[in-house]
Amino acid sequence: MTTFTQTLFNGLALGSVYALIALGFTLAYKASGAINFAHGSLLLLGGYLVAIWHEPLGFYLALAAAAAGTGAAAMLEALLLRKVRRTGSTVPTILTIGVDILLLTELARRIGGDVLTAGDPWGSRIREFAGITVAEARIYSLLVSVLLVAVFLAAFHRTRWGLAMRATAIDREAAELMGVRSDRLWMSAWALAGVLAAVAAVFLIAFPAPGLDRNTGHIALAAFPAAVLGGLGSVGGALLGSLVIGMAEAAAAGYQQQLSSFGSGIADIAPFVVMVLVLIARPQGLLGSKESNRV
Amino acid sequence: MRPPPATAPPDELVVDDLTVVYGRSIQALTSVTLRAPVGGIVALLGANGAGKSTLLRAVSGTLPLHTGSIAGGTIHFGERPLTSLPPADVVAAGVVQVPEGRRVFSELSVEENLRAGLLGTPALRRPAARDAVDRIFGLFPVLAERRRQSAGLLSGGEQQMLALGRALMAGPRMLLLDEPSLGLAPQIVERIAQIVRDIHAQGTGVLLVEQNAALALELSDHAYVLDVGRIRLDGPSDELSCSDDIRRLYLGEQDEEESALAPAALPELARWSG
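Residue positions are given per chain, counted from 1 along the sequence in the order it is written. All chains are assigned letters beginning with A, and all ligands numbers beginning with 1, in the order in which they are written. Whole-chain, interface and lining totals are the exception, using all residues; otherwise, since this is a predicted model, local features are given only for residues with pLDDT of at least 70 and side-chain atom pairs are given and counted only at 80 or more. Heavy atoms throughout the structure, all of them, feed into the side-chain values; hydrogens and water do not.

**Considering the interface of chain A and chain B**
Contact criterion: two residues are considered in contact whenever any of their non-hydrogen atoms come within 4.5 Å of each other. Taken together, the 23 residues of chain A in the interface contact 37 residues of chain B. Counting each side, the surface lost to burial between chain A and chain B is near 2700 Å², with a carbon and sulfur contribution of 57%. We define buried area as the total accessible area lost by two parts upon association, computed with a 1.4 Å probe and summed across both. Three residues, Arg160, Leu177 and Met178 of chain A, lead the burial of chain A against chain B; their summed loss comes to 28% of the area buried on that side. By salt bridge we mean one thing: a side-chain nitrogen of Lys or Arg within 4 Å of a carboxyl oxygen of Asp or Glu. Our count for the contact surface shared by chain A and chain B stands at 4 salt bridges.

**A closer look at the UniProt feature "transmembrane region" (unreviewed entry) in chain A**
All names here are of chain A. Those places that UniProt annotates as "transmembrane region" (unreviewed entry) correspond, in this numbering, to residues 12–29, 36–53, 59–81, 137–156, 185–207, 219–247 and 259–281. What counts as a helix is a DSSP run of H or I of at least four residues, what counts as a strand is a run of E of at least two, and both are numbered from the N terminus. Note that residues 12–29 is 100% helix and 0% strand, and that its end C-alpha atoms are spaced 25 Å apart. Spanning residues 36–53, this segment combines 83% helix with 0% strand, and its end C-alpha atoms are found 26 Å apart. UniProt positions are given in the numbering used here, feature names are shortened, and annotations may be inferred rather than shown by experiment.

**Concerning the nonpolar core**
Remark: nonpolar core denotes a set of buried residues (Ala, Val, Leu, Ile, Met, Phe, Trp, Tyr, Cys) joined through side-chain atoms within 4.5 Å. Only protein chains enter the accessibility calculation, which uses a 1.4 Å probe; a residue whose area is less than 20% of its type maximum is buried, one above 50% is exposed, and one in between is partly exposed. Counting residues in each nonpolar core, the largest one holds 80 residues, and the members touching the most others are Ile21, Leu43 and Trp190 of chain A together with Phe105 of chain B. The greatest single-element share of this core, amounting to 14 residues, is contributed by helix H8 (residues 182–205) of chain A. Non-local contacts of Trp190 of chain A, meaning those with residues more than four positions away in its chain, are made with Ala28, Ser32, Asn36, Ala74, Glu77, Ala78, Leu81 and Thr96 of chain A. Grouped together as the second largest cluster of nonpolar side chains are 47 residues, Ile41, Ala151, Leu208 and Leu217 of chain B included.

**Brief notes about the side chain of Thr54 of chain B**
Residue and element names in this part refer to chain B. Along the polypeptide, Thr54 turns up in helix H1 (residues 52–60). The class for Thr54 is buried, based on a relative accessible area of 7%. In this view, Thr54 contacts Val20, Tyr22, Ala28, Leu29 and Leu63; residues no more than four positions away in its chain are not counted.

**Overview of the pattern of salt bridges**
Should the charged atoms of two oppositely charged side chains come close, the side chains can pair. Tallied over the full model, the rule gives 20 salt bridges over all chains. Between Glu106 of chain A and Arg110 of chain A there is a salt bridge whose closest N-O contact spans 2.7 Å. Of this pair, Glu106 of chain A and Arg110 of chain A both sit in helix H4 (residues 90–111), 4 residues apart, which is roughly one turn of the helix. The residue Glu111 of chain B makes a salt bridge to Arg115 of chain B at a minimum N-O spacing of 3.3 Å. Of this pair, Glu111 of chain B and Arg115 of chain B both sit in helix H3 (residues 110–116), 4 residues apart, which is roughly one turn of the helix.

**Observations concerning the pairing of strand S2 (residues 26–37) of chain B**
Residues and elements named next belong to chain B. Any two strands between which DSSP finds at least two bridges are classified as paired. Inspection of the sheet shows strand S1 (residues 12–22) paired to S2 by 8 bridges, in the antiparallel sense. Along S2, the bridge assignment pairs Val15 with Leu34. Hairpin geometry of S1 and S2 is characterised by an intervening segment of 3 residues between the two adjacent antiparallel strands and by a positive phi of about 60° at Gly23.

**What about helix H3 (residues 59–83) of chain A?**
All names here are of chain A. Spanning 25 residues, H3 covers 36 Å between terminal C-alpha atoms, matching the ideal 36 Å at 1.5 Å per step. Buried within H3 we find Phe59, Ala62, Leu63, Ala66, Ala67, Thr70, Gly71, Ala74, Glu77, Ala78 and Leu81. Buried positions along H3 lie against helix H2 (39–57), H4 and H8. Here a helix's expected span is defined as the number of its residues, less one, multiplied by 1.5 Å.

**A word on the sheet that holds strand S7 (residues 174–178) of chain B**
Residues and elements named next belong to chain B. Taken together, 6 strands build an open sheet; the order of strands is S6-S7-S8-S3-S9-S10 and the sheet is mixed. The two strands at the open ends of the sheet, each matched to only one other strand, are strand S6 (95–98) and strand S10 (230–236). On average, each strand axis in the sheet is tilted by 15° relative to the strand beside it, whichever way the strands run. Pairing geometry for strand S3 (residues 41–45) and strand S9 (residues 222–227), over 4 bridges, is parallel. Paired with Ala43 across the bridge in S9 is Ala223. Sitting on the sheet, helix H6 (residues 156–168) touches S6 and S7, and the angle it makes with S6 is about 170°. The axes used here are C-alpha line fits, helices contributing only the stretch in contact, and every angle between their N-to-C directions lies in the interval 0 to 180 degrees.

**Overview of unusual backbone geometry**
The general pattern is negative phi for most residues beyond glycine and trans for most peptide bonds. The residue after Phe207 of chain A, namely Pro208 of chain A, is reached through a cis peptide bond having omega 5°. Its location among the elements puts Pro208 of chain A in the loop between H8 and helix H9 (216–219). Positive phi, close to 45°, is recorded for Val228 of chain B, a residue that is not glycine. The residue Val228 of chain B is located in the loop between S9 and S10 in this model.

**Focus: the confidence of the model for chain B**
Residue and element names in this part refer to chain B. Mean pLDDT over chain B: 86, with 87% of residues reaching 70 or higher. pLDDT is a per-residue confidence score from the predictor, ranging from 0 to 100. For residues 269–274, every residue scores under 50 in pLDDT, and the model assigns this stretch 13 contacts once sequence neighbours within four places are set aside. Two numbers describe this predicted complex: its pTM, 0.86, and its ipTM, 0.86.

**A few points about the side chain of Thr19 of chain B**
Residues and elements named next belong to chain B. Here Thr19 is to be found in strand S1. For the purposes of these results, a polar contact is taken to be a pair of N or O atoms within 3.5 Å, where, inside protein, one atom must be able to donate a hydrogen and its partner to accept one; residues adjacent in sequence count only when each atom of the pair is a side-chain atom. In this structure the side chain of Thr19 is engaged in a polar contact, spanning 3.2 Å, whose partner is the backbone nitrogen of Ser31. Setting aside residues up to four positions removed in sequence, Thr19 forms contacts with Gln27, Leu29, Thr30, Ser31, Ser69, Ile70, Ala71 and Gly72.

**As for the packing of aromatic side chains**
By convention here, two paired aromatic rings are described through the distance between centres and the angle between planes. Residue and element names in this part refer to chain A. The aromatic pairing rule takes the rings of Phe, Tyr and Trp, using the six-membered ring of Trp, and pairs them if the centres are within 6.5 Å, calling planes under 30 degrees apart stacked, those over 60 edge-to-face and the rest tilted. Evaluated as defined, the whole model comprises 9 aromatic pairs over all chains. Judged by centre distance (5.2 Å) and plane angle (20°), the rings of Phe152 and Phe156 are stacked. Of this pair, Phe152 and Phe156 are both found in helix H5 (residues 136–158), 4 residues apart, which corresponds to roughly one turn of the helix. For Phe152, a relative accessible area of 5% corresponds to the buried category. Within the aromatic cluster, the residues linked to one another by ring pairs are Phe59, Tyr60, Trp122, Tyr140 and Phe203.

**Some remarks on the packing of helix H11 (residues 235–254) of chain A against helix H12 (residues 266–281) of chain A**
Residues and elements named next belong to chain A. Interaxial distance between H11 and H12 falls to 8 Å at its minimum, and their mutual angle equals 145°. For the pair H11 and H12, the sense of crossing is right-handed. For the pair H11 and H12, the contacting residues are Val244, Ile245, Ala248, Glu249, Ala252 and Ala253 in the first and Ile266, Ala267, Ala270, Pro271 and Val274 in the second. For any pair of crossing helices, the crossing counts as left-handed if the nearer helix is rotated counterclockwise from the farther one by less than a right angle, and right-handed if it is rotated clockwise.

The following block contains the structure:
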């Protein structure tokens, strides 16, 4: 029972962080039609900026600066993609792989073999409740992520910006004919994706994780199956998918003993196994839309 | 060729000597000149591929989305130059297009579609935005019944009404309608025609692009005929609908005897009286 509760909490906490990543990923995709393979590197950039700035600036200011920096980097990438957008969505997507390699190489060079800390105020403190022991950082990650997702959903469904986003994702030309400035919208979506990635990075490298190393960006890869299995381009799908992936990964780690016949490290591949299984059953993803048009 | 006017007279959409190319070499419009006053309904006729939609794209600023650009000439609305402006600025100038094929936001609700029509105008307070939506629901009661339904599930005629309503949300002074009758049943076409008359009666100018020449000539005061990117002829609609060329080319008319009849009495037009 304890393992179950523990797994449930870990899954929720992990899933909520994935949700921040998958949300940004989905948003960038909705705005531009391009799959941003550089999202993991942006996340690594966010974590790296917090790690190098938290000593001179203090944690919260460093986080704000890192979020702004990552948002700016994402906007730069979006500017680059806009140059080639007339060619469709394939060329921009391939371009993101190039951006990913450049960014990753430079960050790996700077980070080297070090493991950097975020300097977060929760440190390695732990709390006990309901018979389980959890890292305080995970509690905050869950709370902050849920709060950010809620704010985002409210903005997405209740504001002009959200309506413009949703309309543009469905039919860019029709939205422009209504007076939407899709270029600005595109920039804002990518900037927001960068900001969310930076926040997610802090939670991914906080205790009990050892800290930021050059491979932290790979963790963000687990959010990719989350976005895809939820139905690429569906915000609700990205959230649901993140929860599913978080739970699957936590369960694979929590019940490692029972799963030992598959060998160790099953938690790392669990997201992808789940993605493949879900997509075999539902190729459009959990909440991906089949055409509902009547002509 | 007339010299381009430095400033257009107020309350008129003026397209002057417009040439549009797609890509490097495909010339879709050649020296097109056209005037559409706010007080009237102007029809633009022509076969498929004549360049009718291209003209609307040029006015609305969506040519870049189709790798097109304006190679020469100007577009003005009143005093304001619209040539090569981005779509948002054209909407802000009061010129709004209802695109061909409705293009409603199918996954959004009917009400959200209407609210999307406000995205090009300065933000309204919530009550004002609600009033604007209610005004459109007053014009199209059938949409009010379906306000929570997703737009993709509406019938073709309802989608056309939604597309019209969405465009009217911005309070345009000039409405560009691209093939509003396309694919609709005759009774629905007559309703759309009545709506266009109502919109016009409320002071909004209409530039109507139609393949359905009978309908377009019935609705409009003045008409232009576009043929392979050039204006072939233009004139008052009632004169054009009596012209032999028009009757032969666009109204499917064979019998020369009937050309003396008034347009409303033409047998083809009776179809639209539903």
